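Results of the structural survey
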Amino acid sequence: MNENIFYLDAKNKIVDFLGDNFPDFPVKMQNRFLNFFPKMVNYEEEGVIYRPRLLFTNDIEKVMKSLPAPSRIELFMDENENMFASRLKALVPFTQHDWCIYVSMEEEGVSYGIFKNINSIKEEGLEDIIFQSPYLKDRDEKIFGIYAYAENSWAVTMKSIKGNEMSINFALDIKVVSSQDKEISEFVTAAFSKLKASSKKLAEVKTLFKNIFKNVLRNIHGTMCVIVDKDYATASYRDDFLDDGIWLREPISFSKLFIQGQHNVEPKLNAISAVFMSMLDFDGITVVDNTGNVLAYNVFVEANLRTAGNVMGGARKRAAYTIINSRKKGIVGVYFQSHDGEMFYAPVKK
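Along each chain, residue indices are assigned from 1 in the same order as the chain's sequence is written. Where totals are concerned, whole chains, interfaces and linings use all residues; where local detail is concerned, this predicted model gives features only for residues with pLDDT of at least 70, and gives and counts side-chain atom pairs only at 80 or more. Side-chain metrics rest on all non-hydrogen atoms present in the structure, leaving aside hydrogens and water.

**Considerations on unusual backbone geometry**
Rule in force here: Only DSSP runs of H or I with at least four residues qualify as helices, and only runs of E with at least two residues qualify as strands; both kinds are numbered from the N terminus onward. Exposure classes here rest on a 1.4 Å probe applied to the protein chains alone. A residue is buried below 20% of its type maximum, exposed above 50%, and partly exposed in between.
The residue glutamate 46 is not glycine, and still its phi comes out positive at about 50 degrees. The topology assignment puts glutamate 46 in the loop between strand 1 (43-45) and strand 2 (48-50). Taking relative accessible area as the criterion, glutamate 46 reaches 79% and is therefore assigned exposed. The residue asparagine 298 is not glycine, and still its phi comes out positive at about 55 degrees. Summarising the element assignment, asparagine 298 is placed in strand 13 (residues 293-299).

**Quick notes on the packing of aromatic side chains**
Put simply, the rule is: Any two of the Phe, Tyr and Trp rings considered here, Trp counted by its six-membered ring, make a pair once their centres fall within 6.5 Å; the pair's planes then place it as stacked at under 30 degrees, edge-to-face at over 60, or tilted in between.
Applying the stated rule across the entire model yields 26 aromatic pairs. Ring geometry for phenylalanine 33 against phenylalanine 56: centres 4.7 Å apart, planes inclined by 55 degrees, an arrangement best described as tilted. Of this pair, phenylalanine 33 sits in helix 2 (residues 27-36) while phenylalanine 56 sits in strand 3 (residues 53-57); the two residues are 23 residues apart in sequence, bridging distant segments of the chain. For the residue pair phenylalanine 33 and phenylalanine 56, the accessibility class agrees, reading buried in each case. Seen in terms of ring centroids, phenylalanine 254 and phenylalanine 276 are 5.9 Å apart; in terms of plane orientation they differ by 55 degrees. Their pairing is tilted. Placement of phenylalanine 254 in helix 9 (residues 254-259) and of phenylalanine 276 in helix 10 (residues 265-280) is noted, with a sequence separation of 22 residues between them.

**Overview of helix 2**
The line we're drawing: Each direction from the helix axis to a C-beta atom contributes to the arc, which is the arc of those directions.
Within the sequence span of helix 2, burial applies to Met29, Gln30, Phe33, Leu34 and Phe36. The buried residues of helix 2 occupy one face: seen down the axis, they fall within an arc of 160 degrees. When the buried face of helix 2 is taken as reference, the exposed residues oriented beyond 90 degrees from it are Val27, Lys28 and Asn35.

**Points about the confidence of the model for the chain**
What counts is decided by this rule: Known as pLDDT, the predictor's confidence for each residue is given on a scale from 0 to 100.
Residues of the chain with pLDDT of at least 70 account for 91%, and the chain-wide mean is 87. Mean pLDDT across the elements of the chain ranges from a minimum in helix 11 (residues 305-308), with 60, to a maximum in strand 12 (residues 285-289), with 97.

Shown next, in the form of structure tokens:
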């Protein structure tokens with residue numbers, strides 16, 4: 001018996017979403033997008049895996065006006081959608097450097113290119129600005145936009161300027177597609193829960209951390225970051241549970257850079273953020289405290305099968321649950337991200 005199984009329900013939901021949020025989305029372009037859609041979770045060119053971000057719109061000029069520091073490079077202009085696959089193949093490699101692909105479908109034809117907002121790492125990112133933009137929301141009957149991106153290796157999320165969102169899950173087993181923004185926000189809140197600063201400085205340093213971890217999701221294929229209490233390093237109750245690693249002689253303090261003022265702060269923030277991301281790319285665990293200080297990296301714990309529980313996954317995930325279930329005093333929570341993009345933040349059980 002020869003049997004074909006299709007994700008027909010997913011296809012119908014995507015078509016419905018496009019129709020509800022972008023009424024004039026051309027049918028022929030819709031079909032080409034549907035063919036490309038499953039590739040988004042693990043798009044490969046020359047042995048490199050990409051997770052491209054795409055914005056479909058009917059007016060890229062208006063979208064750019066919603067950004068405070070926009071940069072756009074138009075690369076192709078076609079009469080119709082016939083070259084869609086070829087144009088995407090040429091554009092996807094640019095997304096490795098934090099550019100977003102746009103496909104603007106207007107009366108004169110289809111234009112393709114890349115764009116980004118050239119802003120500070122401590123300011124809101126491209127997606128947040130677009131989907132919170134009063135300028136676009138006031139024109140949502142004239143300007144349409146669908147933003148599609150891979151959450152991980154089994155799920156693609158679509159957002160619209162109208163404020164609607166939908167995720168398509170390609171996994172055969174039951175995997176919860178949690179909101180990346182929600183998990184990162186919970187982690188960041190815990191990582192700065194004991195930082196004393198003005199509301200403005202606190203908001204900026206939290207945004208910095210959110211942007212760093214969004215970049216980690218896009219560019220690092222697995223990491224773990226553990227939050228400890230601000231007094232953990234010198235506490236009398238501390239044991240050797242997290243000692244197998246490289247502890248910094250002087251913690252890296254992002255908050256101090258903000259407090260020191262604006263002179264030369266941007267280059268320092270970018271440079272130190274790059275160092276932090278490199279630490280997160282090492283095997284093992286990166287340790288921060290709940291004032292946002294970076295304390296250690298390349299830290300290992302021995303996975304305890306009893307405390308880890310019945311966990312499906314590799315050594316990193318077993319180590320994460322070993323920590324979560326350890327009930328160790330002074331350890332606050334765990335941010336986990338696997339090589340296939342599964343991620344979560346979980347507090348340590350008390």
